[in-house]
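Here is how the chains run, residue by residue.
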Amino acid sequence: MTNILQISDTHITSNGTFVSERLDTDERLKSLVERLLKIRSEIGVVDAVIISGDLSDDGSAESYQRFKKIMSALNLPLYVIPGNHDGREAMREAFYSDGYFPKDGKLNWHQPMGEIHLIGLDTLIDSSEGGKLDAATLTFLDDTLNKIDAAPVLLALHHQPFTTGIRFMDDIGIQSGCDDLGKVLANYGG
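Since the model is a prediction, treat every value here as computed from it, not as a measurement.

Draft legend 1. Representation of the sheet that holds strand β4 (residues 109-113). Taken in spatial order, the 3 strands make up an open sheet running β4-β5-β6, and their pairing is mixed. Either end of the sheet is taken by a strand with one partner, and the two such strands are β4 and β6 (153-156). Ignoring strand direction, the axes of neighbouring strands in this sheet form an average angle of 15°. As paired elements, β4 and strand β5 (residues 116-120) share 5 bridges and run antiparallel to each other. Across the sheet, residue tryptophan 109 finds its bridge partner in β5, namely glycine 120. Together, β4, β5 and β6 form the strand contacts of helix α5 (residues 135-148), whose direction differs from that of β5 by roughly 170°.

Draft legend 2. Representation of α5. Over its 14 residues, α5 extends 20 Å from the first C-alpha to the last, a length consistent with the 20 Å expected when each residue adds 1.5 Å. Within α5 the residues assigned to the buried category are Thr137, Leu138, Leu141, Thr144, Leu145 and Ile148. The buried residues of α5 all sit within an arc of 130° when viewed along its axis, so they share a single face. In α5, those exposed residues whose orientation departs by more than 90 degrees from the buried face are Ala135, Asn146 and Lys147. Where the residues of α5 are buried, they touch β4, β5, β6 and α7 (178-186). Phi for aspartate 149, located one or two positions after α5, is positive at around 50°.

Rules of the game
Residues numbered from 1 in each chain as written. Predicted model: local features only at pLDDT ≥ 70, side-chain atom pairs only at ≥ 80, totals over all residues. Heavy atoms only, no water. Pairing = 2+ DSSP bridges. Helix = DSSP H or I, 4+ residues; strand = E, 2+ residues; numbered from the N terminus. Axes fitted to C-alpha atoms, helices over the stretch in contact; angles between N-to-C directions. Contact = heavy atoms within 4.5 Å. Expected span 1.5 Å × (residues − 1). Buried < 20%, exposed > 50% of the residue type's maximum accessible area, 1.4 Å probe, protein only. Arc of directions from axis to C-beta.

Given below as structure tokens:
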């Protein structure tokens, strides 16, 4: 069985300053990593970590380096997806050598892992809180699903593609492309 750990919204800053002048995100992430290391024997083998957006609070290259340094203690593959606070190009530069990001364009990726396929979708709209599933992303997803032929998939994205009933979450959810996402997924036999 493939085991994936998922975290989101770490909001690491370039210089370790507090987010909103009160939240020490470096310490919160370090605490999480320490806890995971402590309970590793209880949770068993973890094959990878998906971080589903907002790794950074400021989208800076320095924040991604801080993030990677803190997460390195886990010694696990990291698969990241941009969120509304991330900077696409700085993120690409920080994680490109991991081998799953495309050289240019949206940061959509596919990674086979054990008996499942991980797919990360880039819903980032630069300089916007909300997200969108554009034609390139939906085509990437459709093409990828067609290639993997009904295998189990773990699909990850930062912005939620449905109404939650929580106003501030709905205001920053997927702004367009949800209906098309539904069609792509409905056509998948996995």
